[in-house]
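# Examination of the molecular architecture
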Amino acid sequence: MKYVTLKELKNWLNRLAQEVDLIAPRDVDGHVLYRPVASSDEILFDYERPELSAKEFIFPATEVLLRIEKRGTEVTQEEVLPERKQVIFGVRPCDAHGFAVIDALFLEQDPPDRYYAHHRERTTLVGIACPQMWEGCFCASMGGAPDDPTHLDVLLRAVEGGYVVEAVTEKGKVLLKGLETKNRDQKPGFSEKTRLLEQPVPVTEPARWRELFEDRIWMRHGERCLSCRICTYVCPTCRCFDVADRVIEERAGFTRIERIRAWDACTSTNYRRAAGGHNSRPTKPGRIRNRFFCKFCYYPEDFGPLGCVGCGRCVVSCPVDIDIREVMGDVAAR
Amino acid sequence: MPINESLTQQIRDQARQLLTEERVDLIIGYEAGPTGRVRPAFIYDPAEVERLIWGDGCVHNLINYLHDKKHSPKRGVEPPRVGVVVKPCDSRSLNVLLAEQQIERERIFVIGLACEGVRDGGGELAAHCERCTDRAPALYDMLIGEPPQVSPVEDDWADLDHIEELPPAERLSFWLREFDRCIRCYACRQACPGCYCTTCMFERDDGLWVDMGIELSEKYVFHLGRALHLAGRCAECNECERVCPMGLPLSLLNRRLVREVDALYHHRAGREEALSPLLFELGEDGSPM
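Residues numbered from 1 in each chain as written. Chains lettered and ligands numbered in written order. Predicted model: local features only at pLDDT ≥ 70, side-chain atom pairs only at ≥ 80, totals over all residues. Heavy atoms only, no water.

## Remarks on a nonpolar patch on the surface
Residues and elements named next belong to chain B. So the rule is basically this: Two distance rules govern patches: like charges are joined within 9 Å, and nonpolar side chains (Val, Leu, Ile, Met, Phe, Trp, Tyr) within 5 Å, applied only to residues with over 30% relative accessible area and no salt bridge. Note on areas: Shrake-Rupley, 1.4 Å probe, and residue coverage restricted to the protein chains presented here. We define a salt bridge as a side-chain nitrogen of Lys or Arg found within 4 Å of a carboxyl oxygen belonging to Asp or Glu. A run of DSSP states H or I qualifies as a helix once it reaches four residues; a run of E qualifies as a strand once it reaches two. Both are numbered from the N-terminal end. Relative accessible area decides the class of each residue, using a 1.4 Å probe on protein chains only: under 20% of the type maximum gives buried, over 50% gives exposed, and in between gives partly exposed.
A surface patch of nonpolar side chains, about 490 Å² in accessible area, is lined by M201, L208, W209 and V221. With respect to the helices and strands, L208 occurs in the loop between α6 (187-190) and α7 (216-229). Of the residues examined, L208 reaches a relative accessible area of 81% and is grouped as exposed.

Dropping the structure here:
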């Protein structure tokens, strides 16, 4: 097994920070978040599941798609995408799984989303296995595991004094060329117990979900919803967005516009508002139903994977205790 | 969360009676979810009142949900009559909504609770409870529990002074650093009983000042704008700060305006029943009438 000391790992990360956009878990005023870092000193190595997923670094919360300039009658359009390579270090396996879920729509459908594809291409995912399941976590029920290498380029597992290093993909192998590792027969300090859930969360077939469209489950869980966007914004697989043009500068004969896309959320009241003002999904239970149907019925039917990786972020961050595990349990029990 | 058995029983009895006698169509109270977390509960059937609980984990301001029940679900049917469990801070926001003619008083049955303060997540006393001196709701149709005798603690505004004393540039950088964490999820607005515009001005498609970008300038304008829209209306229930997933100290913004309005007009929103909105009370020269 390839092994790296924490000291060597930090040296490598410091060199990497010079060459690429390095993203890693950081303490931001008491919140653990994936953030750009300039040196390994800023990185948390002993950390829980970051409060927000790593989604924003491949699918930015706000992204400029086009810069448009109009001079007189002449219009120019320019795409500006970052060219530098990006490494997300310390990404949790569930977040990598989340990218695989989004890939099914943004990469594998025709035409692919070129902006998402660009960020995906320039990014290498270096994961660190979770030493345990955290509050709300249920990745093991969603086909993942706290140490699942499947969707990562590199997986690190903590051992005494350092990490066991596993290059999962070719991209990972290339990235690791600059990292000095030793061969050492050391098993990761990881027990089978960390993979187990005390109570597995049941997943119900899409066809069965369809039968429950009019069920009272949706009123029961939706009535207390605040119609905020927390669950969708912390989610590693929610990928709805809206597009708009913003005027940056305007004077006689000259206009500069940015076409942006920004995250949107099906839980918000005006998500379904159409031209003329009609809202075809005007109630909280209807919107909550859509969120769960999207994850467990529409998305798997249309694109393949389930729209949930069991990261548990929505579970812990919902201010009114709308718990996806409970909803899945209720659906299974019907 | 420790459940107060005696008060819980009284709430259940009251709820059962109101529903059985058909004086209300539903009760909005609190229940414990399967993981033990406390959450809002909507009870329509007298047989389900056993779900209701009371304890110091009952943090949510349920007045917010009255907006959802203002309108009839079907044409030709009256809007529902609602029994609602109300803490002193929640009652102040109810007063604000009554004064703004958002709620019909006769459609509401207020189950008032004597309150010693709440604890989010079973931890320490919530910050707004530490400075709260109200032990009984400002209005109720029935009071449950004995308001504990407490000697009023003067609010020393220390949290606010700490920020106000900073030089302007430092104060700005403090706030920009806080707003930077905001994810524009609008949980603060959605949890606020005072934020009930059908379309928020910060979410208009034709908004001139704020577009849908989730960037620092939008977050900055949104939070300052929201605070200003609540000037003289914020009942200090602190739901905005509680629900914020990124821990923004939003009470500092609201309290800045609460202090200003109180100093200028001796007006604390919701403290008295049906106190008119502040702006209706001002004379033409801006002084209180």
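Still more ground to cover, so stick around.
## A closer look at the pattern of salt bridges
Residue and element names in this part refer to chain A. According to the stated counting rule, one finds 62 salt bridges over all chains in the structure shown. Salt-bridge contacts for K173 lead to E170; the nearest nitrogen and oxygen are separated by 3.9 Å. Residue K173 and its partner E170 are both found in helix α4 (residues 170-175); the two are separated by 3 residues, about one turn of the helix. Judged by its relative accessible area of 47%, K173 is partly exposed. Two residues, R210 and E301, come together in a salt bridge whose shortest N-O distance is 2.6 Å.

## Quick word on the domain arrangement of chain B
All names here are of chain B. As a reminder, the rule being used: Marked domain ranges trace back to an automatic or database domain assignment. Residues count as neighbours in contact if any of their non-hydrogen atoms are within 4.5 Å of one another. What gets called buried area is simply the loss in accessible area from a 1.4 Å probe that two parts show on being joined, summed for both. Identification of polar contacts relies on pairs of N or O atoms within 3.5 Å, with a donor-acceptor requirement for protein atoms, meaning one able to donate a hydrogen and the other able to accept it, and with residues adjacent in sequence counted only if both atoms are side-chain atoms.
When the domains of chain B are assigned, the result is domain 1 (5-144) and domain 2 (158-265). One C-alpha centre belongs to domain 1, the other to domain 2; they are set 26 Å apart. The interface is formed by 16 residues belonging to domain 1 together with 15 residues belonging to domain 2. Roughly 1400 Å² of surface becomes buried between domain 1 and domain 2 when both sides are summed, with 50% attributable to carbon and sulfur atoms. The residue R233 makes a salt bridge to E100 at a minimum N-O spacing of 2.6 Å. Counting across the interface, domain 1 meets domain 2 through 8 residue pairs in polar contact (both at pLDDT 80 or more).

## Re the pairing of strand β6 (residues 86-91) of chain A
All names here are of chain A. Definition in use: Paired strands, in this sense, are two strands between which DSSP finds at least two bridges.
Of all the 6 residues making up β6, 6 are buried; the element is thus mostly covered by neighbouring parts of the structure. Sheet topology places strand β2 (residues 21-28) next to β6; 3 bridges connect them, and they run parallel. Bridge assignment links I23 to a residue of β6, and that residue is I88. Here β6 runs beside strand β7 (residues 123-128); their pairing, made up of 5 bridges, is parallel. By the bridge assignment, V91 is partnered in β7 with G127.

## Describing the side chain of R122 of chain A
All names here are of chain A. Relative to the assigned elements, R122 resides in helix α3 (residues 114-122). Residue class for R122 comes out buried when judged on its relative accessible area of 8%. Discounting residues that sit within four places of it in the chain, R122 has contacts with D21, P82, R84, K85 and Q86.

## Side note on the sheet that holds strand β5 (residues 74-78) of chain A
Residue and element names in this part refer to chain A. Selection criterion: Orientation is described by axes fitted as lines to C-alpha atoms, over the contacting stretch for helices, and by angles from 0 to 180 degrees between their N-to-C directions.
Spatially, the 4 strands line up as an open sheet ordered β5-β4-β12-β11, and their pairing is antiparallel. Among the strands making up the open sheet, the edge pair consists of β5 and β11 (241-251). Within the sheet, the average angular offset between the axes of one strand and its neighbour, ignoring direction, is 20°.

## Examining helix α2 (residues 88-99) of chain B
Residue and element names in this part refer to chain B. Our working rule: Helix span, as expected, comes to 1.5 Å for every residue beyond the first.
With 12 residues, α2 ought to run about 16 Å at 1.5 Å a step, and its terminal C-alpha atoms sit 17 Å apart, in line with that. In terms of burial, α2 is largely enclosed, as 12 of its 12 residues are buried. Restricting attention to buried positions, one finds in α2 the residues P88, C89, D90, S91, R92, S93, L94, N95, V96, L97, L98 and A99. Where α2 is buried, its residues touch β1 (26-32), β3 (82-86), β4 (108-113) and α3 (127-130). Immediately beyond the C-terminal end of α2, within one or two residues, lies Q101, with a positive phi of roughly 55°.

## What about the nonpolar core?
So the rule is basically this: For this analysis, a nonpolar core means a set of buried residues of the types Ala, Val, Leu, Ile, Met, Phe, Trp, Tyr and Cys, connected via side-chain atoms within 4.5 Å.
Of all hydrophobic cores here, the largest spans 118 residues; its most connected members are F292 and I324 of chain A together with I27, I28 and L66 of chain B. Discounting chain neighbours no more than four positions away, the residues touching I27 of chain B are A15, L18, L19, A41, F42, I43, L52, G83 and I111 of chain B.

## As for the interface of chain A and chain B
Facing 39 residues of chain A, the contacting portion of chain B comprises 39 residues. Both sides together, the interface formed by chain A and chain B hides about 3200 Å², and carbon and sulfur atoms give 50% of it. The largest share of the area that chain A buries against chain B comes from E223, L226 and D321 of chain A, three residues that together contribute 18% of it. A salt bridge links D29 of chain A to R181 of chain B; the nearest nitrogen and oxygen atoms lie 3.2 Å apart. Where chain A packs against chain B, one counts 22 residue pairs in polar contact (both at pLDDT 80 or more). For the side of chain A that touches chain B, the elements supplying multiple residues, two or more each, are β3 (31-36), α6 (217-222), α7 (230-234), β11, β12 (254-263), α9 (313-317) and α10 (324-333) of chain A.

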